[in-house]
Amino acid sequence: MRMALRRLRLNFTPQRILAVLFLLVLGYLVVVPLGVMLQETFTVHPMERFQIPGSVTGDFTTAHWERTFVGPNARPFFYRPLINTLIISFGLSALALVIGGLLAWLVVRTNLPFKGLISNAAIIPYIMPSWTLALAWITLFKNQRIGGQPGIFQALTGIATPDWFAYGLFPITITLALHYFPFGFMLIGGAIRNIDAQLEESAELLGASRATILRRVVFPLVLPAIFSTFLLTFSKGLGTFGTPAFLGGPVREFVLSTSLYANLIGQRPGIAYIAAVVMILMGVLVLYMDHKIIGARRSFVTISGKGARAGSVDLGRWRLPVAAGVLLFLFSVIAVPIGALAIDTLMLRPGIYRLENLSLHYWIGEASLAIGLGTGEPGILRNSQLMGALANTLRLALVVALVCGVLGMLIGYTVVRLRGTTVSRLLDQLSFLPYLMPSIALGSIFLALFAVARGPIPSLYGTFWLLAIACIVSYLPYAVKAGINAMMQIGPELEEAAIMSGASWFTRMRRILFPVQKATYFSGMLLPFISVTRELSLLILLVTPATQLATTITLRYTDRGWYPYTNGMVLLLVIIVITTTALSRRIMKTDLAKGLGG
Amino acid sequence: MLPRLPSHRQASALLAALVAAALLAFATAQAEDWSAVEEAALAEGRLVVYSTTSRTVPAGESFQALTGIQVEVVRLGEQDLIERAFQESRAGVRNVDMIVVEDWPAARELLANTGYFVNYVPPTAAERFAPHHQDPLVLGYINRIFGFNTEKHDEDPFTNVWELTMPQYSGRVMIRDVAITGEHQNAFTEWVRRSDELEAAYTELTGEALQMTEPNAGLEFIKRFLQNDPIIMTSDTRIAEAVGARGQDDPPYGMFYVYSKHRDIPLQDLALADSRAIQPTLGYYYPIVLQLASDARNPNAAKMFMEYLGTLEGFAPWADSPGVYTPNPDQVPFEGDMPLAWWEEQLWGYDLDFAVQNRGIVLDTWFRYAQR
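All of these numbers come straight from a predicted model, not from anything done at the bench. (Residues numbered from 1 in each chain as written. Chains lettered and ligands numbered in written order. Predicted model: local features only at pLDDT ≥ 70, side-chain atom pairs only at ≥ 80, totals over all residues.)

Describing the overall build of chain B
Note the following rule: Put simply, DSSP H or I for four residues or longer makes a helix, DSSP E for two residues or longer makes a strand, and each gets a number counted from the N terminus. With C-beta atoms placed from the backbone, a residue is labelled by how many other C-beta atoms lie within 10 Å of its own: buried for 20 or more, exposed for 12 or fewer, partly exposed between the two. We call two residues in contact if the C-beta atoms placed from their backbones are at most 7 Å apart.
Looking only at helices and strands, chain B has 15 helices and 11 strands in total. Its C-alpha atoms give chain B principal-axis dimensions of roughly 65 × 50 × 30 Å. Taken over 372 residues, chain B has a buried fraction of 55%. Within chain B, residue pairs in contact and separated by at least 24 positions form 78% of the contacts whose partners lie at least 6 positions apart.

Section: the environment of A:Val333
Residues and elements named next belong to chain A. Among the structural elements, Val333 can be located in helix 16 (residues 319-346). When the C-alpha atoms of Val333 and Gln385 are compared, they prove to be 32 Å apart, with 52 residues separating the residues in sequence. Contact partners of Val333, with chain neighbours within four places excluded, come to Pro125 and Leu178.

Looking at unusual backbone geometry
Of note, the amide linkage connecting B:Asp135 to B:Pro136 takes the cis form, showing an omega dihedral of 0 degrees. Mapped onto the elements, B:Pro136 comes out in the loop between helix 6 (123-128) and strand 5 (137-149). Going from B:Gln279 to B:Pro280, the amide bond is cis rather than trans, its omega being 5 degrees. With respect to the secondary-structure elements, B:Pro280 resides in the loop between strand 9 (272-274) and strand 10 (283-293). Of note in this structure, A:Phe114 is not a glycine but carries a positive phi near 60 degrees.

Things to note about the interface of chain B and chain A
Filter applied, for reference: Under the grouping applied here, Gly and all other residues not named as nonpolar or charged are polar, the nonpolar ones being Ala, Val, Leu, Ile, Met, Phe, Trp, Tyr, Cys and Pro and the charged ones Asp, Glu, Lys and Arg.
Contact residues are listed per partner, giving 62 residues for chain B and 61 residues for chain A. The element contributing the most residues to the side of chain B that touches chain A is helix 15 (residues 352-370) of chain B, with 9 residues. In terms of residue class, the side of chain B that touches chain A is built from 30 nonpolar, 17 polar and 15 charged.

Let's talk about the domain arrangement of chain B
The parts lose accessible area when they come together, and the size of an interface is often stated as this lost area. Residues and elements named next belong to chain B. How we decide: Throughout, the edges of the domains are those of an automatic or database domain assignment.
With domains assigned, chain B is organised as domain 1 (8-141 + 286-337) and domain 2 (144-284 + 357-367). Centre-to-centre, using C-alpha coordinates, domain 1 lies 31 Å away from domain 2. Across the contact, 11 residues belong to domain 1 and 9 residues belong to domain 2. At the level of secondary structure, the elements contributing two or more residues to the side of domain 1 that touches domain 2 comprise helix 4 (78-91) and helix 5 (104-112). Looking at the side of domain 1 that touches domain 2 residue by residue, the classes come out as 5 nonpolar, 3 polar and 3 charged.

A short note on the domain arrangement of chain A
Assigned domains within chain A: domain 1 (11-36 + 399-546 + 590-598) and domain 2 (72-306). The C-alpha centroid of domain 2 of chain A is placed 25 Å from the C-alpha centroid of domain 1 of chain A.

Section: the packing of helix 7 (residues 182-193) of chain B against helix 15 of chain B
Residue and element names in this part refer to chain B. Worth spelling out the cut-off: Axis lines are fitted to C-alpha atoms, over the contacting stretch for helices. Their N-to-C directions set the angle, which ranges from 0 to 180 degrees. Any angle between 65 and 115 degrees counts as roughly perpendicular, while under 35 counts as roughly parallel, over 145 as roughly antiparallel, and the rest as oblique.
The contact between helix 7 and helix 15 brings their axes to 8 Å, and the two run at 100 degrees. Accordingly, the angle class assigned to the pair helix 7 and helix 15 is roughly perpendicular. Here helix 7 contributes Gln185, Asn186, Phe188, Thr189, Val192 and Arg193 to the contact with helix 15, which in turn contributes Phe354, Ala355, Asn358, Arg359, Val362 and Leu363.

Description of the nonpolar core
Threshold: Only buried residues count toward a nonpolar core: Ala, Val, Leu, Ile, Met, Phe, Trp, Tyr and Cys, linked into one set through C-beta atoms within 7 Å.
Membership of the largest hydrophobic core comes to 290 residues, with the highest contact counts inside it found for A:Ala276, A:Val400, A:Ala470, B:Met98, B:Met174 and B:Phe305. No other element matches the 17 residues that helix 21 (residues 464-489) of chain A contributes to this core. Excluding anything up to four places from it in sequence, A:Ala470 contacts A:Leu442, A:Gly443, A:Phe446, A:Leu538, A:Leu539 and A:Leu542.

As for the pairing of strand 8 (residues 253-258) of chain B
All names here are of chain B. Here is the rule: Following DSSP output, two strands are said to pair if at least two bridges run between them.
Taking burial as the measure, the 6 residues of strand 8 include 6 buried ones, the bulk of the element. As paired elements, strand 5 and strand 8 share 4 bridges and run antiparallel to each other. Of the residues in strand 8, the one forming a bridge with Phe146 is Met255. In this structure, strand 6 (residues 173-176) lies alongside strand 8, joined through 3 bridges in parallel fashion. Among the inter-strand pairings, Met174 is bridged to a residue of strand 8, identified as Gly254.

Considering the environment of B:Ala296
Residues and elements named next belong to chain B. Structurally, Ala296 is set in the loop between strand 10 and helix 12 (299-310). Residue classification places Ala296 among the buried positions, given that 22 C-beta atoms sit within 10 Å. C-alpha separation for the pair Ala296 and Val93, spaced 203 residues apart in sequence, amounts to 9.9 Å. The residues touching Ala296, leaving out its near neighbours within four places in the chain, are Asp97, Met98 and Ala302.

Quick notes on the environment of A:Ile484
Structurally, the position occupied by A:Ile484 is in helix 21. Considered as a pair, A:Ile484 and A:Met279 are 205 residues apart in the sequence and their alpha carbons are 25 Å apart.

Considering the pairing of strand 2 (residues 70-75) of chain B
All names here are of chain B. This is how the line gets drawn: With its strands directed away from the observer, a crossover is right-handed exactly when the path from the first strand over the helix to the second travels clockwise.
Pairing of strand 1 (residues 46-51) with strand 2 involves 6 bridges; the strand directions are parallel. In the strand pairing of strand 2, Arg46 is matched with Gln70. The parallel pair strand 1 and strand 2, bridged by helix 3 (residues 56-67), forms a crossover whose chirality is right-handed.

Shown next, in the form of structure tokens:
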């Protein structure tokens, strides 16, 4: 009897209670949307019925799957875009690994000067929206094919760029890699930093060559970070829409996300969601490989976390040239797009880059139908609607970041403490799934799920909390990754010691587990914060006039071609995010690198 | 995107009930006492509008200044608006009072035929609009045209749409991606429906019969057009700027971009003009439709706003550029533009039923040949 009671008590450890709780919540927020999407791929929708003879709206059908995988449209709708998508995804991941890895090695393991500046700057490309780089590429390298003013490169050199260089898979891959290499930098940097130098020294004493050390010691230790980078960047490559559409269209190279959007706009959600399901499946495959290959090694890395720091490699006379090269690279991927945006907001008549055309009208001008584009809108800084939307965006970003941070920590705790169990694996994978789901689909499903009260869940329609929940689910993967990694580095001994001295679970969390890895948790909040500020497709179906956000209200200007306003708003957001990052670094001692679990 | 749809029988019962309700609403609208509507509207004091056109925002502001009724506008893309209005209505969320919607074939299918939204004809529209602009009630028409660079061409270079499939235009024609533009898909269904005219135009241009591998001349055009290496863009604004920029040796040509971009010609010093000669159609035109939510919380305020949008004052935010036309015949065309009646003669629209049934085929054909 007492044994049974004890067992029962054991069964209700905090981590188990949490596990059940999280499985329930994530089950509703992740598995249900996934189920809905799958169901849609087997359903006849109103506009689809005309192409499925004899069918009625709402019927069960396998026609969407047949059309996608066999039949005359399979190649243009699916296989060709799939190949392009894979080329982009693999290329962008490889590039992000090389650029990010190289930068990480230089910053962590060499005597490179300006390390602080470089590691701060190296994450900015991710802070900017990815389309700014695509836009910059076109401005620089476009040729006569898409008309208008010639590209800057051609204007300066007189050399016309070839089409494959200016448009299509090549620039798509490059610009996306330039946007996502900070992932590689953060993750690999963290991993290199954590390598115990004694391991390398032992190998050296045993007579291993540098190449052998790199291959047999360093590489295996960095492998998990490489895989994580690959997973994160590869998945992004699968789902991105804006950049491929903008750069691929001129030479008619399309990707899977084009199929997804085209079929949504064509009111054929059945086919559209198959593209989404395929993207999710490919992501899950990478996730599975990650678990299979890395799973065993991950613990090995973290146990050796705190050792002697490795001595840094002396770059010798290459020290300054390398630093100059790195700074030049970062300058061109950061300053060029930001500068281009900034200049566009100052040109009274767009596209005419002359001194007399300079004006602050779009920033502080009064509403006028006669000046510049004649928008009849007040300048950004005195536009109360824009400023209100900006405030909403910041509020949302803060709330989402905080909640994600706390949830990430708790889920991380649960996953790590229950390690090796099915529940732990399930929780780990469930919390990563939203990363793979197309946000446009997620937004629509959340609208359907929360529009009305369902059981104990009240209707959240039109509330700030609906936006918050959508964002929290969407960006939880970042925070959970941070949480898991933080917990991995804390041995169970600390907590056991606290239990012995009678500390309750809350005390343990508050006094030990949280403070020890504070920096990591705060970093885990930064990525959700950054991502919320530029989220559009997830939230467009959920905002109401009372909850307008910077990105949703900017649409109004974009579709009238009033780019100075659009660019100005983007610029404001970028400035705010950079300031927040810098401030939080200083105050909280956070490190974005740890946010992804370095 | 529609989890758990009602069964067919439920749907048709629902439909019947809704048609009856709509007819009733229509009948009462005819007989209704407008001053009572105004009074009730003032009592409601506010309304929520989902709109694909951002100019609804300034229209709402001037309406508010006039009446004190607060207009909250949510600006959404075509597909987003339909999706959102559909999902909300199905869930029974009564947020939106009226919609300003494009891609009417799709919207009619998902929003009107389901009974979630009904047509309403306010007094000015009933009195002044021609009958075919009243159901659905049209806020205005948008036209999309063919454009060229006037530095390169003193005169209109186009005579026939089939020219765009020929070597002299290879790699030089820009069009917004048909795959992500619902209205382009609708417009091409008309090219399928009027295949004979298109075929005749081919013969007129070349003196030969059109040899087809596709089932009709509309789809044959799509195939040949795509095989002629067109440039697929994502924004009409960028098309207009690229075609009209000065100082180009070999400027591109624009197909099916919105004519309203020509408003920017003086502002941006563009060398841009639209073709008034290309046969058999100068482009296409389509309606921006107004619909009332059938369970609106503020139906009277919405009716009053609809009325306002049918007046010249209410339409003013759209009238400040060419390429947007109210059905209100009192409107004076924008400088250099032609009145709606002229464009109706020169442009193909599209047949609603035919469009909704055939745009899937158009999209399929586009995709089949679009990939390089």
